[in-house]
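Chain residues, written in single-letter form:
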Amino acid sequence: MSKCVLTEAGVGEGTLNTEILVCSSPECEIECPERLTAALDGLRQRGLEQRCLRLSACEASEEDLGLVHSPEYIALVQKTQTLGREELQALSKQFDAVYFHPNTFRCARLAVGAALKLVDAVLTGAVHNGLALVRPPGHHSQRAAANGFCVFNNVAIAAKHAKQKYGLQRILIVDWDVHHGQGIQYIFDDDPSVLYFSWHRYEHGHFWPFLRESDADAVGQGQGQGFTVNLPWNQVGMKNADYLAAFLHVLLPLAFEFDPELVLVSAGFDSAIGDPEGGYCLESLAQSVCMMVQTLLGDPAPPLLGPMVPCQSALESIQSVQRAQARHWKSLQHSVAPGLSRSTHSPEGRSLPLPAESSTCAVAEEALSPLLHRLCLRPAPPVCTAVALTVPGAALALPPGVLHQEESALREETEAWVRLHKSRFQDKGLAALGKILCLLDGLLDGQIRSGIATTTALAIAATLDVVIQRCLSHGAQRLLCVALGQLDRPLDLADDERILWLNIRGKEAAVWSMFHISTPLPQTTGGFLSCLLGLILPLAYGFQPDMVLMALGPSHGLQTAQAALLAAMLRGPVGGRILAVVEEESILQLARTLAEALNGEAPPSLGSFLMAAPEVTQALMFLKAQLEPRWKLLQVAAPPPGSCSPVA
């Protein structure tokens, strides 16, 4: 099955004619064929188009358009094919920021048709996902009105089509255009089968479309209450940390709880760097489209740069959404626990002092480390995922395209690395370490993107110590180690701030230092997601590591779907550079799903959403309170006006 399908509409003979303009308005002139051809050229130059299944669009029928729009409005737009210049100008002035042309009706029908063909390809199983490159856009258009360059509401019609033809009951629409997609909101305002999420520039109502209902307290009507989610940006110039905070603390919790059968994205790129407004910077537009297609194909996104500190305005917006939506969504309900149990503590029961600034942390905020910078400058690794296995038969379960590595480091070299842990390495553990060192060298040299390795229960802790030391000797400056099960931080690295050690096991919550944290392993889906989205990922993105070491030791307790989701989500902070070390008794169960997750496949569902147990919520709240002074992405609320919080 192909991972990605590409459909396009609005480019080609007769679809856009820039020589015959409807009017001389500069707003109209920026609507040009180059918006699509630049994106297509970018996809070809990067070799991405060749990796997609290419489909041609056909015009949507009037019956398709009627899923959303009134017959009178469809007839009105159809009439534009025969109108003269002055008549088109007069009709255009009846709407807000709309510019009709004799080819508008055909272009708009092609845009809808492309979206419908894409939905059909995904829902029939021909592809996993896809991109429809279309003009005109659609998210502003309403049942009986064009608006904001939008004629027919492509995404809304696609959602109605999916419901009608395939019987879908849960569709998530994500709208990341800089302008609020009020048209989609109006169409599904009372429909609980469609969850509409939009973040957009709002500026307290002073940015187009200047609507009160673009604010966070517009949550839907009737049965649709809670299924409209607006995250309004009230300050210009939001950064990576602001968008990450919105993803981790609003969008992803809602998406997992809603558990959609289909996700539709209204992908406007007018909020991208380099685009002043409207998505009309061709270079920025092409880069954005290419990055999105790479992600749809399963390639990891490059690591994010910049300080991982959300601004106060962003936190205020996030908090306003949580307040408005908490009664509708369990995942956004935060209850303050009255006290801490004996199992949730910092060492000796004390709050930890805020650590002094270190050069390590400062470097993390400003630029990639030399190792990660060197790896990012290289072409994509020739091997996406490799495995070094010691369990017979484990390789038989691997998905296609995963390299089964047989090579090993020289025995003398391996023995030199284990001299401090000799009692932990019997012959089998030593042989496994030789393979792991060879695999690790491929990761550090940029020949392999991610890897999975097995070792014995006796040797796994010592193996982690050796792997960390080897990474540091190769120039790694920041390593995130996510250790599950009975695995303790190596004593010789206890005070090394180049290593963020996160241990997930049992029922203990403890902050030994800002770089050594223990958290319980939640048993419910809601608890696991709260831990992943509310603690693990904010720490990972805030630390900005060179590589992630994911270790599944004895009694790790992680379910297969949980392990796959954890691995998939940890790809983000490091551009996919993950080494998973698994105790050999678990590998037969986990090999395939872990390899698929590291290779960019979607992880399996966690199942029905069940709330976190009270003790898990309490433990996570305790940890966040201790860690927020250093790790700012853990914040979900803005500090009071005039207060001065420490800056990491």
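Criteria and thresholds
Residues numbered from 1 in each chain as written. Predicted model: local features only at pLDDT ≥ 70, side-chain atom pairs only at ≥ 80, totals over all residues. Heavy atoms only, no water. Helix = DSSP H or I, 4+ residues; strand = E, 2+ residues; numbered from the N terminus. Polar contact = N/O pair within 3.5 Å; in protein donor to acceptor, adjacent residues only side chain to side chain. Pairing = 2+ DSSP bridges. Contact = heavy atoms within 4.5 Å. Axes fitted to C-alpha atoms, helices over the stretch in contact; angles between N-to-C directions. Salt bridge = Lys/Arg side-chain N within 4 Å of Asp/Glu carboxyl O. Buried < 20%, exposed > 50% of the residue type's maximum accessible area, 1.4 Å probe, protein only.

### Thoughts on the side chain of N129
Considering the arrangement of structural elements, one finds N129 in strand β3 (residues 127-134). A polar contact of 3.0 Å, which involves the side chain of N129, links it to the backbone oxygen of L296.

### Brief notes about the sheet that holds strand β15 (residues 547-552)
Judged by pairing direction, the sheet is mixed, and its 9 strands sit side by side in the order β9-β8-β10-β16-β15-β11-β12-β14-β13 without closing on themselves. Among the strands making up the open sheet, the edge pair consists of β9 (403-404) and β13 (510-513). Summarising the sheet, strand β11 (residues 479-484) and β15 pair through 6 bridges and their orientation is parallel. Bridging across to β15, V482 finds its partner in M550. The sheet contacts of helix α17 (residues 525-543) involve β11, β12 (499-504) and β14 (516-519), and relative to β12 the element is tilted by about 165°.

### Focus: the pattern of salt bridges
A side chain of one charge can pair with a side chain of the opposite charge when the charged atoms of the two come close. One pass over the full model with this rule turns up 20 salt bridges. Here E406 and K435 are joined by a salt bridge, their closest N and O atoms 3.7 Å apart. Of this pair, E406 sits in the loop between β9 and α14 (411-417) while K435 is found in helix α15 (residues 427-444), placing the two residues 29 residues apart along the sequence. Looking at K435, the relative accessible area reads 17%, which means it is buried. Salt bridges here are not isolated pairs; linked through shared partners, they connect D41, R44, E49 and R54.

### A few points about the sheet that holds strand β7 (residues 262-266)
Reading across from one edge, β6-β5-β4-β7 is the order of the 4 strands in this open sheet, with parallel pairing throughout. Bordering the open sheet on either side are β6 (228-233) and β7, each of which pairs with just one other strand. The mean inter-strand angle of the sheet, taken between neighbouring strand axes irrespective of direction, is 10°. Sheet contacts for helix α7 (residues 154-166): β4 (171-175), β5 (194-201) and β7; angle to β7, the most-contacted strand, approximately 170°.

So far we have only geometry, and geometry alone does not tell us how the molecule works.
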